[in-house]
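# Tertiary structure, described
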2 protein chains.
Amino acid sequence: MPRFIPARIIKKKRDGLPLSSEEISFMMRGFLEGNIPPYQVSALLMAIYFRGMGMDETIALTREIIRSGSPLELRDLPGMKVDKHSTGGVGDKVSLILAPLVASAGVYVPMVSGRALGHTGGTLDKLESIPGLRTDLSREEMVSQLKAIGIVMAGQTEEIAPLDRELYALRDVTATVESIPLIASSIMGKKLSEGIDGLVLDVKVGSGAFMKGYEDAEGLAKVMVEIGKGMGKEVVALITGMDQPLGRMIGNSLEVLEAIEVLRADREGKEDLWEVTRELGAWMLIMGRKAETIEGGRDLMERLLLEGKGLERLRELVTHQGGRDVISDTSLLPVAEERMDVLSEEEGCIASMDTERIGWASVLLGCGRRFTDDRVDHGVGIRVHKKIGDPVERGEPVFTVYHRKGQDVGKVIEELRSSITCGEKVPSPPPVRGLIR
Amino acid sequence: MPRFIPARIIKKKRDGLPLSSEEISFMMRGFLEGNIPPYQVSALLMAIYFRGMGMDETIALTREIIRSGSPLELRDLPGMKVDKHSTGGVGDKVSLILAPLVASAGVYVPMVSGRALGHTGGTLDKLESIPGLRTDLSREEMVSQLKAIGIVMAGQTEEIAPLDRELYALRDVTATVESIPLIASSIMGKKLSEGIDGLVLDVKVGSGAFMKGYEDAEGLAKVMVEIGKGMGKEVVALITGMDQPLGRMIGNSLEVLEAIEVLRADREGKEDLWEVTRELGAWMLIMGRKAETIEGGRDLMERLLLEGKGLERLRELVTHQGGRDVISDTSLLPVAEERMDVLSEEEGCIASMDTERIGWASVLLGCGRRFTDDRVDHGVGIRVHKKIGDPVERGEPVFTVYHRKGQDVGKVIEELRSSITCGEKVPSPPPVRGLIR
């Protein structure tokens, strides 16, 4: 390897010049091996924050992230391996419905998920509300479960993309998280370490998403799709709405409950949740060679749902990962017993929902973590009665808070109350907004 | 002290918001005490590189630099304490002439100097070409010498501005050196730690300066003068030319030799060197209450020079710091014996000199350091025969290289040859360009 001088590489980026893949490799391997100190890497990350990275650089960084670990080796599996990734939202339990449905069509779904981050929920925390269920599977367990039932939903193992873990930890404490090339390479590096053939991205946009504006979301989606292409993988991105919580439930066990309801084909009042799930699924089925067109994919998703295939596959997943059969007996889920309604103080129509605020209210309640060592309460949560465009009368419940006996939920109620505005009738925002491929 | 979150402070600066002095203090003290890791400080420095700092922030940082150490305590000295600082140039031996002259007028000159940096020379290296002379004086030695002879020229002690040392070391390896507020606070923090009443700044501009353009030099000068005002000190800045080497000599012992010549009132061919020295001295004499007007200051400088006062004071300084009396016997200076001329290949007038290149040629020769652990050769150097505006004939010497026997100077000669352009007659550039006060 050529010898580079780290300060000159930092300076090059600082001055707006593109880095070669050798330079990126030199910095990143040096960082992981401990030869390049974190203070040079953080200076480089801040320079990247200001100057951005071109597509070649972003792909080079993604490759380094993948190369830093040993990707899951799934070539032996006789079929397509397809996954989905969401940039994170409030009430986003799509994975719990989507993965079992797509797997039930014969597509392998090796899903490596994350935990609640900031105001958004995480699939691992939701799954862990199922008593007994394990998400800390080894690579061997993941591969053997895929062979057995075609689906696994687990956490990142030590061997997958260690560079991403190190970089993320550094970015988190140096204010260098909000950079599209860094976000894109982190997501894609992790996902493409799963040994998959195709990936469907769910890029959220709106008040509850990290990307509040459509252009930012589209920009991120484009970069991720380009990275996928650059690495010879099939990748499409849907841009979906996060102006309001997805579906009706927020909170770990409550979201599992809602996912089970949808898998039982009970979609009433949660049409947005099903529409996003069906669209993502249709693309996964295309990539999995189970559908040829998007219409065909949608139809197959409908059929799988109505035939109860997804529910069956979820049950297999849960029991395979050591969980109790909450599908047959949802009362096993630890839903908090106390309820408190948040009543509307106005009358009219729901005009807007500050969904990030609703997300933070759920974190405050215990659904997520304010500090890294906080413990999640899997039972608490929020039911959303009214969504954008719904008429509401004074004194009518807008939210119901599920909480623990004696828990002080004053602040949660206050946050929820101030998260909505009432006004003229507005149309319900469309769940699926755009497609980047 | 209020508890801040370092990442939020970095983010604030990243987003272009000003930091409070408490936030700057929190980060800098935490850094020095080891509570805030270098990777957060380097990210902050890179954000400052991009976003700049306002005057309040720059003054707050300067205060932290001063506060981090114990400034020299000179209040007992019965008179004004005035120093000069140059931003660095090629052939800049001004301090060796200026400090003794001003001290001889009864102004205390506590000069803490630096070493060669990049392509520029450093006063400490020049002084150390005098056999036996020590520059590593303790605080106590510095103060006692000032009491005895009114002048000291020494290196930074451990106790002076340790934060600046730490910050500079970090900036050097993270490509965050070239930031006006960081440069200004570093210089001013160090200089105002000397316990001085007044400071004259020599901000170099031109091909051999760090600031190549007048506006950058002026910007830096203004910030430094403002910092001085903000801290209740008298500070003026002269902007002086560095389009060509100052005087005729480059190299440590050669520059001492040239300084002795000027102090003997031999100014022929080195009028620019004397003009800059006289102007800086005039301002120091005003601050030292030895002159009332700039004209009066200039006259006094002339008189002191012609009376040989500066030469006498330099001799006292040298012997007080353990050096042999090179003033009486300049043959004690270790000047390299071998000579090689660089001849003009064109005829016409010297139109321009790439002075940074000339500086790097001198570094290559051994006058400075390419790597931090390089040793300086005090005897080698370059004599400058032709300067901008001088007529030159083909085959006439433009430079003479003073080198060691057997030393390969091919590259040095090549660099020197390509540093000059010949052309139409142009006027000699003025040594003093501007005044900021």
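Computed from a prediction, not measured in an experiment: that's the story for all the values here. (Residues numbered from 1 in each chain as written. Chains lettered and ligands numbered in written order. Predicted model: local features only at pLDDT ≥ 70, side-chain atom pairs only at ≥ 80, totals over all residues. Heavy atoms only, no water.)

Aligned on chain A, chain B shows an RMSD of 0.1 Å; the corresponding rotation is 180° and the shift along the axis is 0.0 Å. Seen this way, the second copy is the image of the first under a two-fold rotation axis. Of every C-alpha in chain B, the one belonging to Tyr39 of chain B sits nearest the axis of rotation, 1.7 Å from it. The residues that chain B uses at the interface reappear at the interface of chain A in 100% of cases, marking a shared surface. (Least-squares fit on C-alpha atoms with pLDDT ≥ 70 in both. Contact = heavy atoms within 4.5 Å.)

Now for the domain arrangement of chain A. Residues and elements named next belong to chain A. Domain parsing of chain A yields domain 1 (6-52), domain 2 (82-330) and domain 3 (335-423). With centres defined by C-alpha atoms, the gap from domain 2 to domain 3 works out at 24 Å. With 26 residues of domain 2 at the interface, the matching set in domain 3 holds 28 residues. For the pairing of domain 2 and domain 3, the buried interface totals around 2,100 Å² over both sides, and the portion due to carbon and sulfur atoms is 55%. Area buried by domain 2 at its contact with domain 3 is led by His119, Arg248 and Ile250, which between them contribute 28% of it. Our count for the contact surface shared by domain 2 and domain 3 stands at three salt bridges. When the shortest N-O distance is used, the salt bridge between Asp272 and Lys387 registers 2.5 Å. Run the count over domain 2 and domain 3 and you get 17 residue pairs in polar contact (both at pLDDT 80 or more). Mapped by element, the contributors of at least two residues to the side of domain 2 that touches domain 3 are strand E6 (249-250) and helix H11 (252-263). When residues of the side of domain 2 that touches domain 3 are assigned to their parent elements, the largest contribution, four residues, is made by H11. (Domains from an automatic or database assignment. Buried area = accessible area lost by both parts, 1.4 Å probe. Salt bridge = Lys/Arg side-chain N within 4 Å of Asp/Glu carboxyl O. Polar contact = N/O pair within 3.5 Å; in protein donor to acceptor, adjacent residues only side chain to side chain. Helix = DSSP H or I, 4+ residues; strand = E, 2+ residues; numbered from the N terminus.)

The partner chain A presents 22 residues to the 22 residues of chain B that form the contact. Together, Arg14, Tyr39 and Phe50 of chain B form the three largest contributors to the area buried by chain B at its contact with chain A, with a combined 35%. The interface formed by chain B and chain A holds four salt bridges in total. We note a salt bridge from Glu178 of chain B to Lys11 of chain A, for which the minimum N-O separation is 3.3 Å. Inspection of the chain B/chain A interface yields 13 residue pairs in polar contact (both at pLDDT 80 or more). Listing elements by their share of the side of chain B that touches chain A, those giving two or more residues are helix H1 (6-14), helix H3 (38-51) and helix H8 (162-173) of chain B. Examining the composition of the side of chain B that touches chain A, we find that ten residues originate from one element, H3 of chain B, more than from any other.

Scanning the entire structure with this criterion turns up 80 salt bridges over all chains. In this structure, the salt-bridge partner of Asp125 of chain A is Arg115 of chain A, at a minimum N-O distance of 2.9 Å. With Asp125 of chain A in helix H6 (residues 123-127) and Arg115 of chain A in the loop between strand E2 (109-113) and H6, the pair connects residues that are ten residues apart, well separated along the chain. For Asp125 of chain A, a relative accessible area of 1% translates into the label buried. Residue classification places Arg115 of chain A among the partly exposed residues on the basis of a relative accessible area of 36%. When salt bridges that share partners are traced, they join Lys11, Arg14 and Asp15 of chain A together with Glu178 of chain B into one network. (Buried < 20%, exposed > 50% of the residue type's maximum accessible area, 1.4 Å probe, protein only.)

The two faces of the sheet receive side chains in turn, since in a regular strand these alternate between them. Residues and elements named next belong to chain B. Among the eight residues that make up strand E5 (residues 234-241), seven are buried, leaving the element largely enclosed by the rest of the structure. In this structure, strand E4 (residues 198-205) lies alongside E5, joined through eight bridges in parallel fashion. Within the sheet, the bridge partner assigned to Lys204 lies in E5 and is Thr240. Following the backbone out of E4, through helix H10 (residues 214-230) and into the adjacent parallel E5, one traces a crossover that is right-handed. Sheet analysis places E5 next to strand E13 (residues 432-436), joined by four bridges and oriented antiparallel. Within E13, the residue paired with Ala237 across the bridge is Ile436. (Pairing = 2+ DSSP bridges. Right-handed = clockwise from strand over helix to strand, strands pointing away.)

Attention now goes to the environment of Leu365 of chain B. With respect to the helices and strands, the residue Leu365 of chain B is situated in helix H15 (residues 355-365). In sequence terms Leu365 of chain B and Gln407 of chain B are 42 residues apart; their C-alpha atoms lie 8.7 Å from each other.

For the rest of this paragraph, the subject is the side chain of Lys191 of chain B. All names here are of chain B. Inspection of the secondary structure assignment puts Lys191 in helix H9 (residues 180-191). According to the relative accessible area criterion, Lys191 is buried, its value standing at 4%. Among the polar contacts made by the side chain of Lys191, one reaches the main-chain carbonyl oxygen of Val112 at a distance of 3.0 Å. With sequence-adjacent residues up to four places away left out, Lys191 is seen in contact with Asp83, Lys84, His85, Met111, Val112, Ile196 and Leu199.

Another point: the environment of Met284 of chain B. Residue and element names in this part refer to chain B. One can find Met284 in helix H12 (residues 271-287). The class of Met284 is buried, set by a relative accessible area of 0%. Look past the residues within four positions of Met284 in its chain and what remains in contact with it is Val82, Asp83, Lys84, Leu98, Val102, Val109 and Val200.

Residue and element names in this part refer to chain B. In this structure the tally under the stated criterion is zero disulfides over all chains. Cys349 forms no disulfide, and the closest cysteine sulfur to it belongs to Cys422, at a distance of 7.7 Å. You can call Cys349 buried: its relative accessible area is 7%. Looking at Cys422, the relative accessible area reads 18%, which means it is buried. (Disulfide = S-S within 2.5 Å.)

For the rest of this paragraph, the subject is the sheet that holds strand E1 (residues 82-86) of chain B. Residue and element names in this part refer to chain B. Taken in spatial order, the four strands make up an open sheet running E1-E4-E5-E13, and their pairing is mixed. Each edge of the open sheet is held by one strand with a lone partner, namely E1 and E13. Here the strands of the sheet are splayed against their neighbours by 20° on average, with no regard to which way each runs. Across the sheet, H12 is in contact with E1, E4, E5 and E13; its angle to E4 comes to roughly 155°. (Axes fitted to C-alpha atoms, helices over the stretch in contact; angles between N-to-C directions.)

Time to look at the pairing of strand E9 (residues 381-384) of chain B. All names here are of chain B. Bridge count between strand E6 (residues 249-250) and E9: two bridges; the pairing is antiparallel. Note on E9: the bridge partner recorded for Ile250 is Ile382. As judged from the four bridges shared by E9 and strand E11 (residues 397-403), these two strands associate in the antiparallel manner. Looking at E11, one finds that Val384 is bridged to Phe399.

Before going further, it helps to examine helix H4 (residues 55-67) of chain B. All names here are of chain B. For H4, spanning 13 residues, the distance from its first C-alpha to its last is 18 Å, which sits close to the expected 18 Å at 1.5 Å a residue. What H4 keeps buried is the set Glu57, Thr58, Ile59, Ala60, Leu61, Thr62, Glu64, Ile65 and Ile66. The elements touched by buried residues of H4 are H1, helix H2 (21-33), H8, H9 and H10. (Expected span 1.5 Å × (residues − 1).)

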